[in-house]
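# Fold and geometry: a report
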Amino acid sequence: MDTAVTTANKIDLAALKYKTVNLVVFGHGNVGDAFLDQLFEKKESLLQRKSLEIHVVAIANSTRILFNEKGTTASWRSDKLTHGVPYSIDSILAFVETHQLENLIAVDNTADAAFTKQYEKLIANGFHIVSSNKHKNTAPWKEYSALRKLLNGHEKEYLYETNVGAGLPLIDTIKLLHQSGENITRIRGVFSGSLSYIFNEFSERNEKFSAILNNAIVNGFTEPDPREDLCGMDVARKLLILARELDLEVELDDVEVQNLIPKAVRALDKTTFLKNLTHLDTSFFIKKKNLKKGNVLRYVADLHGDLSKVDGGKLTVSLQETPKSSMLGQLKGSDSIFEIYTESYGSSPIVIQGAGAGASVTARGVFGDVLRISHKL
Ligand SMILES: NC(=O)c1ccc[n+]([C@@H]2O[C@H](COP(=O)([O-])OP(=O)(O)OC[C@H]3O[C@@H](n4cnc5c(N)ncnc54)[C@H](OP(=O)(O)O)[C@@H]3O)[C@@H](O)[C@H]2O)c1
């Protein structure tokens, strides 16, 4: 017998039993790093229990990439230092083609709006997309809807459960309710972990707003410049994403947002602003003083109006007073809460509540999206 021929024709029976999915991971900051750790920790059990082999064939930050067509290992950090190379999206496409890699998922754990412009190219070249990055879903409606058409045309999936509520099963729940014909009439809640913490604490404690805000900064609940939280735009983006899940044709400009930063400190540079947090005290003191007895302050996102019409929705984000005994009023710590009102459930909403931020829970949500797509491949 010719041994060379026998070896070449030998079928790897073990390999036939499992499915291989190839991941290209963009971004290894807080979320990306935690995601890769969780993935490498679960890799073996996914193979054994689900016959699913997940290969991370490339890991990139904004400047360099580590390629390994057989899958990187848990030692990717040191490997990337020694073997990382500059790259472009075209070099990634050439790499997957050269190695004939299939079942491709691009995972976007960047916070970069510009990077989301690459999704179309990735989809057209065989990639599904999983993203914790909100920018694509808050792009102008034309770009948003064109992407959906492209996905349909190429039979590709785009999952982004972590765009709102981090690891909470929110977007999937809303999608299922809506697609199954359940009439969602309102979505309301506290969407921001940092603003949840700030107003939960400020309403409870006899402390100045600046002291509470400073605690939030020190505990890492806010962005490095807390004005990014206080301006309300992050909450507005999340509300827009949920509205679009209900097929409402809305833009970011359609969201009425109450900016919580006093005009006098909006234009300050970050360092000066951080040194002058006490400038926020008077206006918030007055708001608290004017509260009705038994009420507390919450920064609330509200999607209401006639949600059965593509242009019937009203999107508002504002600081409101609410009874302490209400679900929103009972919120604690940095939890988020989402109340989903539907026709069938009447005045008792479906409530999803829990940690709505944090690298670890977000990474877990990203991992969940990767598994959802992998199971369908
Ligand atoms: N943290 C949370 O609680 C949370 C919750 C929900 C969603 N998210 C979202 O998760 C995403 C990641 O957040 P994070 O806190 O992990 O951010 P981060 O720590 O700032 O990390 C961002 C990573 O993306 C990389 N990057 C930037 N531009 C890139 C590009 N064009 N191509 C490839 N890589 C690029 C950065 O690399 P360089 O170092 O080279 O710049 C870095 O590795 C964000 O979109 C955020 O909004 C976060």
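The shown structure was predicted, so the numbers you read here are calculated from the model rather than taken from an experiment.

Moving on, we come to the pairing of strand S2 (residues 52–60). The buried fraction of S2 amounts to nine of the nine residues, a majority that puts the element mostly inside the structure. Read from strand S1 (residues 19–26) through helix H3 (residues 30–50) to S2, the crossover connection turns out right-handed. Both S2 and strand S3 (residues 64–67) contribute to a ladder of three bridges, which runs antiparallel. Its bridge partner lying in S3, Ala-58 is registered against Phe-67. Two successive antiparallel strands, S2 and S3, enclose a turn made up of three residues.

Turning our attention to the sheet that holds strand S9 (residues 255–257). With respect to topology, six strands assemble into an open sheet ordered S9-S11-S10-S8-S12-S13, the strand pairing being mixed. Of all the strands in the sheet, the pair left with one neighbour each is S9 and strand S13 (350–355). Put simply, the sheet's adjacent strands are angled 20° from each other on average, direction ignored. Note: strand S12 (residues 335–342) against S13, six bridges, orientation antiparallel. For Glu-339, the partnering residue across the bridge sits in S13 and is Val-351.

Around the ligand lies a shell of 20 residues, among which Val-31, Ser-62, Thr-110, Asp-112 and Gly-358 are the nearest. For the ligand, an oxygen atom lies 3.0 Å from a polar atom in the backbone of Asn-30. Thr-110 places a main-chain nitrogen or oxygen 2.7 Å from an oxygen atom of the ligand. Considering only residue class, the shell around the ligand consists of five nonpolar, 13 polar and two charged.

Here the domain parsing of the protein yields domain 1 (15–166 + 361–376) and domain 2 (171–356). Taken over C-alpha atoms, the centre of domain 1 sits 30 Å from the centre of domain 2. Both sides together, the interface formed by domain 1 and domain 2 hides about 1,600 Å², and carbon and sulfur atoms give 62% of it. Of all residues in domain 1, Thr-138, Trp-141 and Val-164 give up the largest surface area on contact with domain 2, accounting jointly for 40% of the area buried on that side. Applying the counting rule to domain 1 against domain 2 returns two salt bridges. For the salt bridge of Asp-172 with Arg-372, the shortest nitrogen-to-oxygen distance reads 3.8 Å. Across the contact surface, domain 1 and domain 2 share seven residue pairs in polar contact (both at pLDDT 80 or more).

What follows deals with unusual backbone geometry. Phi angles above zero are rare outside glycine, and Gln-100 is one such case at about 50°. Note on placement: Gln-100 falls in the loop between helix H5 (89–98) and strand S5 (104–108). Given the relative accessible area of 68%, Gln-100 is considered exposed. Despite not being glycine, Asp-247 has its phi angle at roughly 70°, a positive value. Along the polypeptide, Asp-247 turns up in the loop between helix H12 (233–245) and S9. Residue classification places Asp-247 among the partly exposed positions, given a relative accessible area of 47%.

With that out of the way, let us pick up the environment of Thr-342. Examined against the element boundaries, Thr-342 turns out to sit in strand S12. By relative accessible area, which is 2% here, Thr-342 ends up buried. Distance from Thr-342 to Asn-183, taken between C-alpha atoms, is 5.4 Å for residues 159 residues apart in sequence. Apart from the residues within four sequence positions on either side, Thr-342 is in contact with Leu-177, Glu-182, Asn-183, Ile-184, Thr-185 and Ile-350.

The subject of this paragraph is H5. Since the α-helix turns once every 3.6 residues, residues separated by three or four places project in the same direction. All of the buried residues in H5 are Ile-89, Ile-92, Leu-93, Phe-95 and Val-96. Buried residues of H5, viewed axially, fall in a sector of 160°; they line one side. Opposite its buried face, H5 presents the exposed residues Glu-97 and Thr-98, each directed more than 90 degrees away. Remark: Gln-100 follows H5 within two positions and exhibits a positive phi of approximately 50°.

Basis of the calculations
Residues numbered from 1 in each chain as written. Predicted model: local features only at pLDDT ≥ 70, side-chain atom pairs only at ≥ 80, totals over all residues. Heavy atoms only, no water. Buried < 20%, exposed > 50% of the residue type's maximum accessible area, 1.4 Å probe, protein only. Helix = DSSP H or I, 4+ residues; strand = E, 2+ residues; numbered from the N terminus. Right-handed = clockwise from strand over helix to strand, strands pointing away. Pairing = 2+ DSSP bridges. Axes fitted to C-alpha atoms, helices over the stretch in contact; angles between N-to-C directions. Near = heavy atom within 4 Å. Polar contact = N/O pair within 3.5 Å; in protein donor to acceptor, adjacent residues only side chain to side chain. Nonpolar A, V, L, I, M, F, W, Y, C, P; charged D, E, K, R; others polar. Domains from an automatic or database assignment. Buried area = accessible area lost by both parts, 1.4 Å probe. Salt bridge = Lys/Arg side-chain N within 4 Å of Asp/Glu carboxyl O. Contact = heavy atoms within 4.5 Å. Arc of directions from axis to C-beta.

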